[in-house]
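Here are the chains, one letter per residue:
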Amino acid sequence: MTLGLINANPVVHAKKERVARSEDPHADDAVDPLEIYDHVRDIRDPEHPYSLEQLSVLSEESITVDEKLGRILIMFTPTIQHCSMVTVIGLCLREKLKDCFPPHFKVDIKVAPGSHADEESVNKQLNDKERVAAALENPNLRQLVDECLYSSEL
């Protein structure tokens, strides 16, 4: 956990009950927002011991899928407008989803409009393959992303 928290007292919400999904191998292979949400809802916030779901950074409604165009859009809302961990959250989302869906899907990750002071630059960084790759080569940043993805504290 970071010393000198930017948002020392975030609003924490209860986790929603998971929806039971069919494991039928012949079921429709379509990707839907709930499936994506189930993959990312338990990612731990980089600053707090709560999930992105518990902090309402992410919801099923903030995910859209366009099967025809092969696009997934995830809009997330940082807990405060000047959140310094916003790019880490975006990197966590991208890393969690990179191997979950067919390669023809393009995943766009953005902060919700008006939810962050540096919205445009954050969105550009999170959707630039070279910048993402360079960020994940930093061992300290990589460790933080891995801690958020694989934390057993939740």
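Residues numbered from 1 in each chain as written. Predicted model: local features only at pLDDT ≥ 70, side-chain atom pairs only at ≥ 80, totals over all residues. Heavy atoms only, no water.

J.: I would appreciate a short explanation of the overall build of the protein in the present structure.
T.: Scanning the protein from N- to C-terminus turns up five helices and three strands. Traced from its N-terminal end to its C-terminal end, the protein shows the element sequence α-β-β-α-β-α-α-α. Here the protein holds 154 residues, and the buried ones make up 39% of them. Partitioning the contacts of the protein with sequence separation of at least 6, the portion at a separation of at least 24 is 67%. Counting every atom, the protein has about 9000 Å² of accessible surface; 51% of that belongs to carbon and sulfur. (Helix = DSSP H or I, 4+ residues; strand = E, 2+ residues; numbered from the N terminus. Buried < 20%, exposed > 50% of the residue type's maximum accessible area, 1.4 Å probe, protein only. Contact = heavy atoms within 4.5 Å. Areas by Shrake-Rupley, 256 points an atom, 1.4 Å probe, with all protein chains shown as cover.)

J.: Please clarify how the layout of surface pockets should be interpreted in this entry.
T.: Gaps left between atoms show up when a probe the size of a water molecule is rolled over them. Here the largest pocket is characterised by a volume of approximately 440 Å³. Forming the boundary of the largest pocket are 16 residues, of which Arg94, Lys98, Phe105, Val107 and Lys129 lie nearest the centre. Every element with two or more residues in the lining of the largest pocket is listed here: α2 (86–97), β3 (106–111) and α4 (129–137). Considered class by class, the residues forming the lining of the largest pocket number nine nonpolar, one polar and six charged. (1 Å grid on protein atoms, 1.4 Å probe; cavity = no way out; pocket = protein on both sides within 12 Å on 5 of 7 lines; lining within 4 Å. Points joined across faces, edges and corners; volume = space filled by probe spheres on them. Nonpolar A, V, L, I, M, F, W, Y, C, P; charged D, E, K, R; others polar.)

J.: Help me understand the pairing of strand β1 (residues 63–66), please; the structure alone is not making it clear to me.
T.: Working note: regular strand, side chains alternate between the two faces of the sheet. With four bridges joining them, β1 and strand β2 (residues 71–76) adopt antiparallel strand pairing. Bridge assignment links valine 65 to a residue of β2, and that residue is isoleucine 72. (Pairing = 2+ DSSP bridges.)

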